[in-house]
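# Descriptive structure summary
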Amino acid sequence: MAALENKHFDLGAGSVRDLNQFLHKELPASGIKHIEIENPDGQHSIAVGLDAPVEIDILGHAGYFIGGMNKEANITVHGNVGWSVAENIMSGSVRVKGNASECVGASGHGGLVVIEGDASSRCGISMKGCDIVVGGSVGHMSAFMAQAGHLVVCGDADPGLGDSLYEAVIYVRGEIRGLGADAQIEEMSEQDLSTVQALLQQAGFDYDPKTFKRVGSARQLYHWNADAHQEY
Amino acid sequence: MDKPIYRKPIYREGNASYNDSTLHYIRQAAEHGLYEIRGLGAKRQLPTFDDLTFLTASASRYPLEGYREKCDTKTVLGTRFAKNPIELDIPITIAGMSFGALTANVKDALGRAATIMGTSTTTGDGGMTPEERESSKQLVYQCLPSRYGFNPDDLRKANAIEMVIGQGAKPGGGGMLLGQKISPRVAQMRTLPEGVDQRSACRHPDWTGSDDLTIKVNELRELTDWEVPIYIKVGATRVKNDVKLAVAAGADVVVVDGMQGGTAATQQVFIENTGIPTLAALRQAVEALEEIDMLGQVQLIISGGIRTGADVAKALAMGADAVSVGQAMLMALGCNSPTYFQDGKEIDASEGYARLNTAAGYCHHCHTGQCPVGIATQTPELEQRLDPDWGARRVKNYLQTLNMELTTLARACGKSNVHNLEREDLAALTIEAAAMAGIPLAGTNWVPGEGL
Ligand code: SF4
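For the structure given in this document, a descriptive report is provided here. (Residues numbered from 1 in each chain as written. Chains lettered and ligands numbered in written order. Predicted model: local features only at pLDDT ≥ 70, side-chain atom pairs only at ≥ 80, totals over all residues. Heavy atoms only, no water.)

A separate point is the overall build of chain A. If you tally the helices and strands in chain A, you get 2 helices and 11 strands. Secondary structure of chain A in N-to-C order comes out as β-α-β-β-β-β-β-β-β-β-β-α-β. Computed over the C-alpha atoms, the radius of gyration of chain A is 18 Å, within 12% of the 17 Å expected from 2.2 N^0.38 for a compact globule of 232 residues. Across its three principal axes, chain A shows a C-alpha extent of roughly 65 × 35 × 25 Å. When each of the 232 residues of chain A is scored for burial, the buried share is 59%. In chain A, the proportion of contacts linking residues at least 24 apart, taken out of those at least 6 apart, comes to 25%. Accessible surface computed for chain A: about 8,700 Å², of which carbon and sulfur atoms make up 46%. (Helix = DSSP H or I, 4+ residues; strand = E, 2+ residues; numbered from the N terminus. Rg over C-alpha atoms; globule rule 2.2 N^0.38 Å. Buried < 20%, exposed > 50% of the residue type's maximum accessible area, 1.4 Å probe, protein only. Contact = heavy atoms within 4.5 Å. Areas by Shrake-Rupley, 256 points an atom, 1.4 Å probe, with all protein chains shown as cover.)

Structure follows, in structure tokens:
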């Protein structure tokens, strides 16, 4: 890659605000293809609101809302992240090499989120079409009220999985420690196997899709019904 | 000859505990086994701005000429952190109401009227429609717990962002949109299956406590390069704490929505039994800002049952920087009116109301999607009942009237700027209002509770 296409940004010297303004205002016309961000030091809201096809490497641990509302960019965090990484992601990808705290990909509309380690609770909450692949396990209430998209969990899932699920689908390779209201385990179809296969491939994991279980919505909460469980 | 039949006169002794509405409620509960869902706001009797009066100028104060002398209504919101605060010609804004709950025509009419009058309008739980962005010069984009249709492109088009924590009609509860209103377009905007009874979340998906909120607000600032104001809206419950937390979280503007605030669909039990009246909420919000020395630095918008120019003037006198109006805007568009206008003709709507088991003046059936006057619906045939040109004119007239009443009262109080109205210009007409608003009871210096 030519030198002009690369840029370093040191968050030990410059501020997150300067970085984000650069990413929003100057990056799209700059021809830069790759940005390395050093010394993130757990700071929040790094590389939010991207709207350009660029590779971003964050070299270290980062805080909340990393890569929030991302479009087109491919962001990799070489460390752990705090809450709500890739919240409301639209397209592109966000990859975390370490572990992620709560609410991974919250209300994400599109694109791919990969957590190579574990993710804490409410992973994929309210997701609206994005795909999330977690190499390890996820905490409780993951995919709560998830509307569309896929959550693939290569490890285990804590209780309350898929509570109040709409049309999003969850695949779990390990143990499911409890389903939330209106979530149910369903048969894996050929379509499911190829969906899981493709997502594992994109995420860079090598597991047999046949070892995954499918969790979907029983659709019992879709309509008000006096005779159903009164969990409204 | 038969003996004359003696009939005792029927005696109807009223029962305050089991009155008509309680009986109706019990019968409904027994029949359906589900709580009642409805639209609009609290219908019960509450202390309101009607219980305050202005102490206009006389020998001790000097009035301005009611029709001639200038009385400024310019209102600037978001001066704390935003690079581009919102500048409005009048302190009366249009509250957040969703496309989905309302038709695209209604959103368009509201936007056009707001633009003509130099004020802002607000999106709702369902995202921004191109129509409302097009028609509104100043558009506030709500960030709601559901995040339906929330996206960075619309975020970047917004003139301000409103982080909605709660709503006066249902503080602590999520919204609803019943299946009848989840049309293909609404379903697509919200990423939901068509016809599903949608229950919006009551908590945000990506933050929970107020420390997280501070970080979330910071993210919204970063997303928009600190350009647009960020409002935080709360339903009025523990107003003092909530206003202080909103300020601590970095809000430019705090919006407090009182108990009378409306909704398109929520459990009746919420609408009537949660939150505190707007009058009390406003007083506590102003006190909260005073206590942390932020009055004037963080702007305050009050909403929930603002109907008249007098309401606006009293709210400003009590310390609000602006008001926000929702339900009354719909009423200006014909909500609860016996007729609607279509193709230039006035048409009787009573059959539409009757079909909902109600009548003009009593309708609160926005949740059904069968609005007899074409406002709260997603049914194409009903939508035709509201012509956006006609609607925009009505809303513009209504806003104009409110503003004229506001300036008339302000001038009579001797103020050349409506924001100079002050608490000292008010007296309370009832003990309840005096206690809640912290305004002396008329004819006395007495504020119940003061000095305790
Ligand atoms: S007339 Fe329409 S907008 Fe008004 S309360 Fe009835 S359904 Fe709602």
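Next, the rest of the story.
With that settled, consider the packing of helix α2 (residues 104-116) of chain B against helix α14 (residues 388-412) of chain B. All names here are of chain B. Between α2 and α14, whose axes approach to 8 Å, the crossing angle comes to 45°. The pairing of α2 with α14 is recorded here as oblique in orientation. Regarding α2 and α14, the two cross each other, and that crossing is right-handed. Side by side, α2 and α14 meet where N105, D108, A109, L110, R112, A113, A114 and I116 of the first sit next to P388, D389, G391, A392, V395, K396 and L399 of the second. Partitioned by chemical class, the residues of the contact of α2 with α14 number 9 nonpolar, 2 polar and 4 charged. (Axes fitted to C-alpha atoms, helices over the stretch in contact; angles between N-to-C directions. Parallel < 35°, antiparallel > 145°, perpendicular 65-115°, else oblique. Left-handed = near helix turned anticlockwise from the far one by under 90°. Nonpolar A, V, L, I, M, F, W, Y, C, P; charged D, E, K, R; others polar.)

In the region of the ligand, the neighbouring residues are C335, N336, Y353, C363, H364, H365, C366, C371, V373 and A376 of chain B. For the shell around the ligand, the residue count by class is 7 nonpolar, 3 polar and no charged. (Near = heavy atom within 4 Å.)

This part is about the interface of chain A and chain B. In this assembly, 43 residues from chain A lie in contact with 44 residues from chain B. Here chain A packs against chain B, burying approximately 3,600 Å² in sum over the two surfaces, 57% of which is carbon and sulfur. Between the two partners, chain A and chain B, sit 6 salt bridges. The closest approach of N and O atoms between D153 of chain B and K71 of chain A, which form a salt bridge, is 2.9 Å. Run the count over chain A and chain B and you get 14 residue pairs in polar contact (both at pLDDT 80 or more). In terms of residue class, the side of chain A that touches chain B is built from 19 nonpolar, 16 polar and 8 charged. (Buried area = accessible area lost by both parts, 1.4 Å probe. Salt bridge = Lys/Arg side-chain N within 4 Å of Asp/Glu carboxyl O. Polar contact = N/O pair within 3.5 Å; in protein donor to acceptor, adjacent residues only side chain to side chain.)

All names here are of chain A. A rise of 1.5 Å per residue sets the reference length of helix α2 (residues 190-203), with its 14 residues, at 20 Å; its end C-alpha atoms lie 20 Å apart and thus fit the reference within 8%. Of the residues making up α2, those classed as buried are D192, L193, T195, V196, L199, L200 and A203. In an axial view of α2, the angular spread of the buried residues amounts to 160°, which keeps them on one side of the axis. Opposite the buried face of α2, by more than 90 degrees, sit the exposed residues E190, Q191 and Q201. Considering only its buried residues, α2 is in contact with β5 (93-96), β6 (112-115), β7 (128-134), β8 (148-153), β9 (169-172) and β11 (213-217). Two residues or fewer past α2, G204 is found with a positive phi of approximately 85°. (Expected span 1.5 Å × (residues − 1). Arc of directions from axis to C-beta.)

All names here are of chain B. Read across the sheet, 8 strands follow the order β5-β15-β14-β12-β11-β8-β7-β6 without closing on themselves; strand pairing throughout is parallel. Looking along the sheet, the strands with just one partner apiece sit at the ends: β5 (92-94) and β6 (120-122). With direction set aside, neighbouring strand axes in the sheet form an average angle of 25°. Sheet analysis places strand β8 (residues 160-164) next to strand β11 (residues 230-235), joined by 4 bridges and oriented parallel. Counterpart to I161 in the pairing with β11 is I230. (Pairing = 2+ DSSP bridges.)

The next thing to look at is the environment of G60 of chain A. All names here are of chain A. Position of G60 relative to the elements: it lies in the loop between β3 (55-59) and β4 (74-77). G60 sits in the buried class, given a relative accessible area of 17%. Sequence separation between G60 and G79 is 19 residues; the distance between their C-alpha atoms is 4.8 Å.

What follows is about the pattern of salt bridges. All names here are of chain B. Going through the model one piece at a time under the given rule, you end up with 41 salt bridges over all chains. A salt bridge links R307 to D50, with the shortest nitrogen-to-oxygen separation between them at 3.0 Å. Taken as a pair, R307 in the loop between β14 (299-303) and α10 (309-318) and D50 in the loop between β1 (37-38) and β2 (52-54) lie far apart in primary sequence, 257 residues in all. Residue classification places D50 among the partly exposed residues on the basis of a relative accessible area of 42%. In this structure, D425 and K415 form a salt bridge, with 3.1 Å as the shortest nitrogen-oxygen distance.

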